[in-house]
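The primary structure of each chain is shown beneath.
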Amino acid sequence: MREGLESLAAAAREALSLLDDASGQDADWLAAVRQVEVAERIAHGVKLRLLAEADRRRAARAGIGAWLSAELGYGSSRARGLAEEARRIGGMPELAGKLTAGELNQDQTRVVERAVKAAHGSGVDAAGAVTETLAVIERDGVSKAKERVRVLEETLAPGTVKDLAARQRARSFLRVGETSDGMVRIDALLDATRGTVVRSAIDQMVAGGLHARQYDKAERLPEDVVSVEQMGAQALTRLAEVYLTASQERRTQPFGPKTLFITRAPDSPRNSATDATAPRLSEIPAGCATTVYGQLVPADGLPSMRDSAASVLTVDPASGEPIALDGRGLDTDPEARLASADQRTALAFRDRECSEPGCSRPAAWSLHAHHETAYRDGGTTVMRNLVLLCSEHHVLRHQHAA
(Lines give C-alpha, C1' and ligand atoms only; values in the text may rest on other atoms or scores of the structure.)
Protein backbone atom coordinates (compact mmCIF):
# COMPACT_ATOMS: atom_id res chain seq x y z
CA MET A 1 0.00 0.00 0.00
CA ARG A 2 2.97 2.29 0.56
CA GLU A 3 3.80 1.99 -3.14
CA GLY A 4 0.24 2.96 -3.99
CA LEU A 5 0.34 6.08 -1.83
CA GLU A 6 3.69 7.04 -3.35
CA SER A 7 2.21 6.55 -6.83
CA LEU A 8 -0.76 8.71 -5.81
CA ALA A 9 1.55 11.51 -4.72
CA ALA A 10 3.56 11.18 -7.95
CA ALA A 11 0.40 11.40 -10.09
CA ALA A 12 -0.72 14.51 -8.21
CA ARG A 13 2.70 16.13 -8.67
CA GLU A 14 2.63 15.31 -12.39
CA ALA A 15 -0.80 16.90 -12.76
CA LEU A 16 0.42 20.04 -10.97
CA SER A 17 3.50 20.26 -13.18
CA LEU A 18 1.39 19.96 -16.30
CA LEU A 19 -0.85 22.80 -15.10
CA ASP A 20 2.14 24.96 -14.16
CA ASP A 21 3.70 24.45 -17.59
CA ALA A 22 0.47 24.65 -19.58
CA SER A 23 0.86 27.00 -22.50
CA GLY A 24 -2.76 27.05 -23.59
CA GLN A 25 -2.45 23.88 -25.67
CA ASP A 26 -5.47 21.58 -25.37
CA ALA A 27 -3.19 18.57 -25.01
CA ASP A 28 -1.64 20.02 -21.83
CA TRP A 29 -4.98 20.34 -20.10
CA LEU A 30 -6.13 16.90 -21.22
CA ALA A 31 -2.86 15.36 -20.06
CA ALA A 32 -3.48 16.91 -16.63
CA VAL A 33 -6.99 15.42 -16.61
CA ARG A 34 -5.48 12.02 -17.41
CA GLN A 35 -3.15 12.30 -14.42
CA VAL A 36 -6.03 13.29 -12.15
CA GLU A 37 -7.91 10.20 -13.36
CA VAL A 38 -4.87 8.04 -12.54
CA ALA A 39 -4.72 9.62 -9.08
CA GLU A 40 -8.43 8.93 -8.49
CA ARG A 41 -8.01 5.30 -9.53
CA ILE A 42 -5.04 4.83 -7.23
CA ALA A 43 -6.86 6.56 -4.37
CA HIS A 44 -9.87 4.27 -4.76
CA GLY A 45 -7.69 1.16 -4.92
CA VAL A 46 -5.66 2.16 -1.87
CA LYS A 47 -8.89 3.00 -0.02
CA LEU A 48 -10.27 -0.48 -0.73
CA ARG A 49 -7.09 -2.13 0.52
CA LEU A 50 -6.94 0.01 3.67
CA LEU A 51 -10.59 -0.62 4.47
CA ALA A 52 -10.16 -4.37 3.90
CA GLU A 53 -7.25 -4.43 6.36
CA ALA A 54 -9.13 -2.28 8.86
CA ASP A 55 -12.09 -4.66 8.62
CA ARG A 56 -9.84 -7.68 9.12
CA ARG A 57 -8.36 -6.06 12.24
CA ARG A 58 -11.81 -4.94 13.45
CA ALA A 59 -10.49 -1.40 13.74
CA ALA A 60 -14.03 0.06 13.69
CA ARG A 61 -16.18 -1.28 16.53
CA ALA A 62 -19.45 -0.85 14.61
CA GLY A 63 -17.95 -1.97 11.29
CA ILE A 64 -16.31 -0.08 8.45
CA GLY A 65 -19.65 0.76 6.82
CA ALA A 66 -20.87 2.56 9.94
CA TRP A 67 -17.48 4.27 10.28
CA LEU A 68 -17.66 5.58 6.71
CA SER A 69 -21.07 7.08 7.45
CA ALA A 70 -20.14 8.57 10.83
CA GLU A 71 -16.62 9.80 10.12
CA LEU A 72 -16.64 10.60 6.41
CA GLY A 73 -20.29 11.52 5.93
CA TYR A 74 -21.09 8.82 3.35
CA GLY A 75 -24.74 8.04 2.74
CA SER A 76 -25.79 4.67 4.13
CA SER A 77 -26.15 3.04 0.70
CA ARG A 78 -22.77 4.27 -0.54
CA ALA A 79 -21.06 3.35 2.74
CA ARG A 80 -22.53 -0.15 2.69
CA GLY A 81 -21.56 -0.67 -0.97
CA LEU A 82 -17.97 0.50 -0.44
CA ALA A 83 -17.60 -1.65 2.67
CA GLU A 84 -18.81 -4.74 0.82
CA GLU A 85 -16.52 -3.99 -2.12
CA ALA A 86 -13.53 -3.65 0.24
CA ARG A 87 -14.33 -6.92 2.05
CA ARG A 88 -14.66 -8.89 -1.18
CA ILE A 89 -11.76 -7.62 -3.25
CA GLY A 90 -9.66 -5.22 -1.15
CA GLY A 91 -7.62 -8.02 0.38
CA MET A 92 -7.27 -10.26 -2.68
CA PRO A 93 -3.58 -10.76 -3.58
CA GLU A 94 -4.56 -11.17 -7.26
CA LEU A 95 -5.82 -7.58 -7.31
CA ALA A 96 -3.38 -5.82 -5.00
CA GLY A 97 -1.05 -4.61 -7.73
CA LYS A 98 -3.80 -3.47 -10.09
CA LEU A 99 -5.69 -1.61 -7.35
CA THR A 100 -2.70 0.37 -6.10
CA ALA A 101 -1.26 0.98 -9.59
CA GLY A 102 -4.44 2.70 -10.80
CA GLU A 103 -5.10 0.13 -13.50
CA LEU A 104 -8.81 -0.20 -12.62
CA ASN A 105 -11.41 2.55 -12.45
CA GLN A 106 -14.36 2.40 -10.06
CA ASP A 107 -16.73 0.91 -12.65
CA GLN A 108 -14.24 -1.88 -13.32
CA THR A 109 -13.65 -2.65 -9.65
CA ARG A 110 -17.42 -2.91 -9.10
CA VAL A 111 -17.70 -5.45 -11.93
CA VAL A 112 -14.86 -7.50 -10.46
CA GLU A 113 -16.52 -7.32 -7.03
CA ARG A 114 -19.78 -8.64 -8.52
CA ALA A 115 -17.90 -11.59 -10.04
CA VAL A 116 -16.38 -12.42 -6.66
CA LYS A 117 -19.80 -12.09 -5.01
CA ALA A 118 -21.30 -14.51 -7.56
CA ALA A 119 -18.53 -17.04 -6.92
CA HIS A 120 -18.79 -16.79 -3.12
CA GLY A 121 -20.56 -19.76 -1.58
CA SER A 122 -20.87 -21.59 -4.89
CA GLY A 123 -17.65 -23.57 -4.67
CA VAL A 124 -16.22 -21.67 -7.63
CA ASP A 125 -12.70 -20.31 -7.25
CA ALA A 126 -13.02 -16.53 -6.76
CA ALA A 127 -9.52 -15.96 -8.16
CA GLY A 128 -10.54 -17.67 -11.40
CA ALA A 129 -13.66 -15.48 -11.64
CA VAL A 130 -11.46 -12.40 -11.14
CA THR A 131 -8.98 -13.51 -13.80
CA GLU A 132 -11.71 -14.12 -16.38
CA THR A 133 -13.45 -10.81 -15.60
CA LEU A 134 -10.22 -8.84 -15.89
CA ALA A 135 -9.51 -10.54 -19.22
CA VAL A 136 -12.93 -9.55 -20.58
CA ILE A 137 -12.47 -5.96 -19.34
CA GLU A 138 -9.12 -5.71 -21.10
CA ARG A 139 -10.29 -7.37 -24.31
CA ASP A 140 -13.86 -6.13 -24.71
CA GLY A 141 -14.43 -3.34 -22.19
CA VAL A 142 -16.42 -2.94 -19.00
CA SER A 143 -19.88 -3.20 -20.64
CA LYS A 144 -19.14 -6.68 -22.00
CA ALA A 145 -17.66 -7.65 -18.64
CA LYS A 146 -20.91 -6.67 -16.92
CA GLU A 147 -22.81 -8.90 -19.32
CA ARG A 148 -20.51 -11.84 -18.60
CA VAL A 149 -20.90 -11.35 -14.86
CA ARG A 150 -24.70 -11.47 -15.27
CA VAL A 151 -24.26 -14.77 -17.12
CA LEU A 152 -21.99 -16.05 -14.32
CA GLU A 153 -24.58 -15.08 -11.70
CA GLU A 154 -27.35 -16.93 -13.54
CA THR A 155 -25.17 -19.96 -14.28
CA LEU A 156 -24.16 -20.38 -10.64
CA ALA A 157 -27.58 -19.50 -9.20
CA PRO A 158 -30.33 -20.32 -11.76
CA GLY A 159 -33.34 -18.08 -11.32
CA THR A 160 -31.29 -14.96 -10.54
CA VAL A 161 -32.44 -13.26 -13.75
CA LYS A 162 -36.10 -14.05 -13.11
CA ASP A 163 -35.91 -12.74 -9.55
CA LEU A 164 -34.20 -9.57 -10.78
CA ALA A 165 -36.85 -9.04 -13.46
CA ALA A 166 -39.60 -9.24 -10.83
CA ARG A 167 -37.81 -6.71 -8.62
CA GLN A 168 -37.28 -4.41 -11.60
CA ARG A 169 -40.97 -4.46 -12.50
CA ALA A 170 -41.86 -3.61 -8.92
CA ARG A 171 -39.51 -0.61 -8.99
CA SER A 172 -40.63 0.69 -12.41
CA PHE A 173 -42.32 4.07 -12.64
CA LEU A 174 -43.03 7.00 -14.94
CA ARG A 175 -43.53 10.55 -13.68
CA VAL A 176 -44.55 13.61 -15.67
CA GLY A 177 -44.00 17.14 -14.36
CA GLU A 178 -43.35 20.70 -15.48
CA THR A 179 -40.23 22.82 -15.18
CA SER A 180 -40.31 26.44 -14.04
CA ASP A 181 -40.32 27.67 -17.64
CA GLY A 182 -43.22 25.43 -18.68
CA MET A 183 -41.36 22.54 -20.31
CA VAL A 184 -42.56 18.99 -19.64
CA ARG A 185 -40.15 16.67 -17.87
CA ILE A 186 -40.66 12.91 -18.16
CA ASP A 187 -38.75 10.67 -15.74
CA ALA A 188 -39.05 6.92 -16.11
CA LEU A 189 -37.44 3.81 -14.68
CA LEU A 190 -38.38 0.62 -16.53
CA ASP A 191 -37.49 -3.04 -16.19
CA ALA A 192 -35.20 -4.41 -18.89
CA THR A 193 -37.95 -6.01 -21.00
CA ARG A 194 -40.30 -3.03 -21.14
CA GLY A 195 -37.37 -0.63 -21.37
CA THR A 196 -36.12 -2.52 -24.41
CA VAL A 197 -39.51 -2.16 -26.11
CA VAL A 198 -39.47 1.61 -25.63
CA ARG A 199 -35.79 2.04 -26.55
CA SER A 200 -36.10 -0.13 -29.64
CA ALA A 201 -39.13 1.81 -30.92
CA ILE A 202 -37.33 5.12 -30.45
CA ASP A 203 -34.08 3.80 -31.95
CA GLN A 204 -35.87 2.50 -35.06
CA MET A 205 -37.62 5.83 -35.59
CA VAL A 206 -34.37 7.75 -35.14
CA ALA A 207 -32.66 5.34 -37.55
CA GLY A 208 -35.39 6.01 -40.13
CA GLY A 209 -34.84 9.76 -39.86
CA LEU A 210 -31.08 9.41 -40.16
CA HIS A 211 -31.39 7.02 -43.11
CA ALA A 212 -33.71 9.40 -44.95
CA ARG A 213 -31.32 12.29 -44.31
CA GLN A 214 -28.09 10.46 -45.20
CA TYR A 215 -29.12 8.23 -48.09
CA ASP A 216 -32.44 9.39 -49.50
CA LYS A 217 -31.62 13.10 -49.21
CA ALA A 218 -35.10 13.51 -47.78
CA GLU A 219 -36.11 15.25 -44.58
CA ARG A 220 -38.80 13.63 -42.44
CA LEU A 221 -38.17 15.80 -39.40
CA PRO A 222 -38.94 19.44 -38.53
CA GLU A 223 -36.15 21.91 -39.32
CA ASP A 224 -35.33 22.53 -35.66
CA VAL A 225 -34.77 18.79 -34.97
CA VAL A 226 -31.07 18.36 -35.63
CA SER A 227 -29.28 16.33 -32.95
CA VAL A 228 -29.87 12.65 -32.17
CA GLU A 229 -31.25 13.62 -28.75
CA GLN A 230 -33.74 15.97 -30.39
CA MET A 231 -34.70 13.14 -32.76
CA GLY A 232 -35.36 10.97 -29.73
CA ALA A 233 -37.75 13.57 -28.34
CA GLN A 234 -39.50 13.74 -31.69
CA ALA A 235 -39.74 9.92 -31.82
CA LEU A 236 -41.34 9.78 -28.37
CA THR A 237 -43.89 12.35 -29.48
CA ARG A 238 -44.54 10.39 -32.66
CA LEU A 239 -45.25 7.23 -30.66
CA ALA A 240 -47.97 9.13 -28.80
CA GLU A 241 -49.36 10.51 -32.07
CA VAL A 242 -49.60 7.03 -33.58
CA TYR A 243 -51.52 5.78 -30.57
CA LEU A 244 -53.86 8.78 -30.45
CA THR A 245 -54.73 8.53 -34.16
CA ALA A 246 -55.15 4.72 -34.16
CA SER A 247 -58.60 3.17 -34.19
CA GLN A 248 -59.95 1.65 -31.00
CA GLU A 249 -59.58 -1.78 -32.59
CA ARG A 250 -55.89 -1.19 -33.28
CA ARG A 251 -55.30 0.16 -29.78
CA THR A 252 -56.68 -2.94 -28.10
CA GLN A 253 -54.91 -5.51 -30.29
CA PRO A 254 -52.26 -7.63 -28.54
CA PHE A 255 -48.86 -6.03 -28.87
CA GLY A 256 -45.70 -7.96 -29.63
CA PRO A 257 -42.38 -6.09 -29.56
CA LYS A 258 -40.50 -6.07 -32.85
CA THR A 259 -36.93 -7.34 -33.20
CA LEU A 260 -35.83 -7.16 -29.62
CA PHE A 261 -34.64 -10.41 -28.10
CA ILE A 262 -32.08 -13.19 -28.58
CA THR A 263 -32.54 -16.72 -27.25
CA ARG A 264 -30.64 -20.00 -27.44
CA ALA A 265 -31.54 -22.70 -29.91
CA PRO A 266 -34.17 -25.04 -28.42
CA ASP A 267 -33.21 -28.36 -26.89
CA SER A 268 -29.61 -27.25 -26.40
CA PRO A 269 -27.92 -28.72 -23.34
CA ARG A 270 -27.59 -26.51 -20.29
CA ASN A 271 -24.05 -25.60 -19.30
CA SER A 272 -23.15 -27.29 -16.03
CA ALA A 273 -21.50 -25.51 -13.11
CA THR A 274 -20.27 -28.76 -11.61
CA ASP A 275 -16.66 -27.88 -12.45
CA ALA A 276 -16.14 -25.62 -9.48
CA THR A 277 -12.89 -24.08 -10.70
CA ALA A 278 -14.12 -22.69 -14.00
CA PRO A 279 -17.82 -22.98 -14.92
CA ARG A 280 -18.33 -23.07 -18.66
CA LEU A 281 -20.48 -20.08 -19.57
CA SER A 282 -22.91 -19.84 -22.42
CA GLU A 283 -23.52 -16.38 -23.85
CA ILE A 284 -27.16 -16.92 -22.87
CA PRO A 285 -27.94 -19.24 -19.94
CA ALA A 286 -30.79 -21.72 -20.31
CA GLY A 287 -34.15 -20.18 -19.46
CA CYS A 288 -32.96 -16.70 -20.37
CA ALA A 289 -32.80 -14.39 -23.36
CA THR A 290 -30.84 -11.20 -23.91
CA THR A 291 -32.07 -7.88 -25.22
CA VAL A 292 -30.45 -6.00 -28.07
CA TYR A 293 -28.92 -3.81 -25.37
CA GLY A 294 -27.20 -6.72 -23.62
CA GLN A 295 -29.50 -7.27 -20.63
CA LEU A 296 -30.47 -10.77 -19.52
CA VAL A 297 -34.23 -11.30 -19.17
CA PRO A 298 -36.41 -14.39 -18.50
CA ALA A 299 -37.13 -16.30 -21.72
CA ASP A 300 -40.69 -17.07 -20.66
CA GLY A 301 -41.60 -13.40 -21.12
CA LEU A 302 -40.72 -13.28 -24.81
CA PRO A 303 -43.35 -12.79 -27.53
CA SER A 304 -44.51 -15.87 -29.37
CA MET A 305 -42.89 -16.57 -32.73
CA ARG A 306 -46.42 -17.03 -34.06
CA ASP A 307 -46.99 -13.30 -33.56
CA SER A 308 -46.19 -11.56 -36.84
CA ALA A 309 -45.19 -8.43 -34.92
CA ALA A 310 -42.62 -10.26 -32.82
CA SER A 311 -39.04 -11.07 -33.70
CA VAL A 312 -36.81 -13.38 -31.71
CA LEU A 313 -33.29 -14.18 -32.86
CA THR A 314 -32.00 -17.70 -32.18
CA VAL A 315 -28.28 -18.28 -31.66
CA ASP A 316 -26.19 -21.41 -31.71
CA PRO A 317 -25.60 -22.38 -28.05
CA ALA A 318 -21.98 -23.36 -28.68
CA SER A 319 -20.70 -20.49 -30.85
CA GLY A 320 -23.22 -17.76 -30.03
CA GLU A 321 -23.56 -17.08 -33.78
CA PRO A 322 -27.08 -16.07 -34.93
CA ILE A 323 -28.68 -18.88 -36.93
CA ALA A 324 -32.37 -17.98 -37.31
CA LEU A 325 -34.83 -15.10 -37.03
CA ASP A 326 -38.38 -16.09 -36.07
CA GLY A 327 -37.50 -19.64 -37.11
CA ARG A 328 -36.18 -18.62 -40.56
CA GLY A 329 -32.60 -19.62 -41.35
CA LEU A 330 -30.26 -16.67 -41.88
CA ASP A 331 -27.62 -18.06 -44.25
CA THR A 332 -29.99 -19.41 -46.88
CA ASP A 333 -28.39 -17.65 -49.87
CA PRO A 334 -24.58 -17.48 -49.45
CA GLU A 335 -24.11 -16.37 -53.09
CA ALA A 336 -26.31 -13.26 -52.72
CA ARG A 337 -24.49 -9.99 -53.36
CA LEU A 338 -26.07 -8.12 -50.44
CA ALA A 339 -27.07 -9.11 -46.93
CA SER A 340 -30.74 -9.89 -46.51
CA ALA A 341 -33.07 -7.92 -44.26
CA ASP A 342 -33.01 -10.78 -41.74
CA GLN A 343 -29.20 -10.84 -41.75
CA ARG A 344 -29.08 -7.07 -41.18
CA THR A 345 -31.43 -7.48 -38.24
CA ALA A 346 -29.23 -10.25 -36.83
CA LEU A 347 -26.11 -8.11 -37.28
CA ALA A 348 -27.74 -5.30 -35.31
CA PHE A 349 -28.28 -7.80 -32.48
CA ARG A 350 -24.85 -9.38 -32.66
CA ASP A 351 -22.57 -6.38 -33.22
CA ARG A 352 -24.75 -3.57 -31.78
CA GLU A 353 -22.38 -0.89 -33.05
CA CYS A 354 -19.71 -0.20 -35.67
CA SER A 355 -17.10 -2.97 -35.53
CA GLU A 356 -14.16 -0.66 -36.23
CA PRO A 357 -11.99 -0.51 -33.08
CA GLY A 358 -12.65 2.71 -31.19
CA CYS A 359 -15.92 3.51 -33.00
CA SER A 360 -19.16 3.21 -31.03
CA ARG A 361 -21.72 4.45 -33.56
CA PRO A 362 -24.86 2.42 -32.77
CA ALA A 363 -26.95 0.26 -35.07
CA ALA A 364 -29.57 3.04 -35.08
CA TRP A 365 -27.18 5.02 -37.32
CA SER A 366 -28.07 2.85 -40.34
CA LEU A 367 -24.81 0.91 -40.28
CA HIS A 368 -23.67 -1.08 -43.33
CA ALA A 369 -23.24 -4.87 -43.64
CA HIS A 370 -19.62 -5.36 -44.72
CA HIS A 371 -18.05 -8.57 -46.09
CA GLU A 372 -14.87 -9.40 -44.13
CA THR A 373 -13.66 -11.45 -47.11
CA ALA A 374 -14.70 -9.33 -50.08
CA TYR A 375 -17.51 -10.65 -52.24
CA ARG A 376 -15.35 -10.21 -55.34
CA ASP A 377 -12.70 -12.42 -53.70
CA GLY A 378 -15.14 -15.25 -53.10
CA GLY A 379 -16.48 -14.10 -49.74
CA THR A 380 -19.96 -15.46 -49.06
CA THR A 381 -22.92 -13.57 -47.65
CA VAL A 382 -23.18 -15.48 -44.38
CA MET A 383 -23.22 -14.23 -40.81
CA ARG A 384 -19.67 -15.28 -39.98
CA ASN A 385 -18.37 -13.18 -42.92
CA LEU A 386 -20.45 -10.06 -42.18
CA VAL A 387 -19.85 -7.22 -39.74
CA LEU A 388 -21.49 -3.87 -39.11
CA LEU A 389 -19.61 -0.72 -40.11
CA CYS A 390 -20.62 2.92 -40.12
CA SER A 391 -20.55 4.63 -43.52
CA GLU A 392 -17.22 6.36 -42.81
CA HIS A 393 -15.36 3.21 -41.81
CA HIS A 394 -17.02 1.16 -44.54
CA VAL A 395 -15.55 3.53 -47.13
CA LEU A 396 -12.15 3.44 -45.42
CA ARG A 397 -12.11 -0.39 -45.35
CA HIS A 398 -12.71 -0.51 -49.11
CA GLN A 399 -10.13 2.18 -49.79
CA HIS A 400 -7.50 0.24 -47.83
CA ALA A 401 -8.45 -2.98 -49.65
CA ALA A 402 -8.13 -1.35 -53.08
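This one's a predicted model, so the numbers in the text were calculated from it and none came from an experiment.

1. Some words on the overall build of the chain
Per the secondary structure count, the chain includes 14 helices and 10 strands. Within the chain, buried positions represent 37% of all 402 residues. For the chain, restricting intrachain contacts to residue pairs at least 6 apart in sequence, the fraction spanning at least 24 positions comes to 59%. Put simply, the chain shows about 23,400 Å² of open surface, and 51% of that area lies on carbon and sulfur atoms.

2. Structural notes on the packing of helix H10 (residues 192-214) against helix H11 (residues 228-245)
Relative orientation of the contacting elements H10 and H11 amounts to 120°, with a least axis distance of 9 Å. Put simply, H10 runs oblique to H11. For the pair H10 and H11, the sense of crossing is right-handed. Together, Ala201, Ile202, Met205, Val206, Leu210 and Arg213 of H10 and Val228, Met231, Gly232, Ala235, Leu236, Arg238 and Leu239 of H11 make up the contact between the two elements.

3. Describing the pattern of salt bridges
Under the criterion given, the structure shown has 20 salt bridges. For Asp55, the salt bridge goes to Arg87, with nearest N and O atoms at 3.4 Å. Of this pair, Asp55 sits in helix H2 (residues 26-56) while Arg87 sits in helix H4 (residues 76-90), and the two are 32 residues apart along the sequence. The exposure class assigned to Asp55 is partly exposed, which follows from its relative accessible area of 26%. On the basis of relative accessible area, Arg87 is assigned to the partly exposed category, the value being 43%. Across the pair Arg194 and Asp191 runs a salt bridge whose closest N-O atoms are separated by 2.5 Å. Beyond isolated ion pairs, a larger network of salt bridges with shared partners links Glu53, Arg56 and Arg57.

Definitions and cut-offs
Residues numbered from 1 in each chain as written. Predicted model: local features only at pLDDT ≥ 70, side-chain atom pairs only at ≥ 80, totals over all residues. Heavy atoms only, no water. Helix = DSSP H or I, 4+ residues; strand = E, 2+ residues; numbered from the N terminus. Buried < 20%, exposed > 50% of the residue type's maximum accessible area, 1.4 Å probe, protein only. Contact = heavy atoms within 4.5 Å. Areas by Shrake-Rupley, 256 points an atom, 1.4 Å probe, with all protein chains shown as cover. Axes fitted to C-alpha atoms, helices over the stretch in contact; angles between N-to-C directions. Parallel < 35°, antiparallel > 145°, perpendicular 65-115°, else oblique. Left-handed = near helix turned anticlockwise from the far one by under 90°. Salt bridge = Lys/Arg side-chain N within 4 Å of Asp/Glu carboxyl O.

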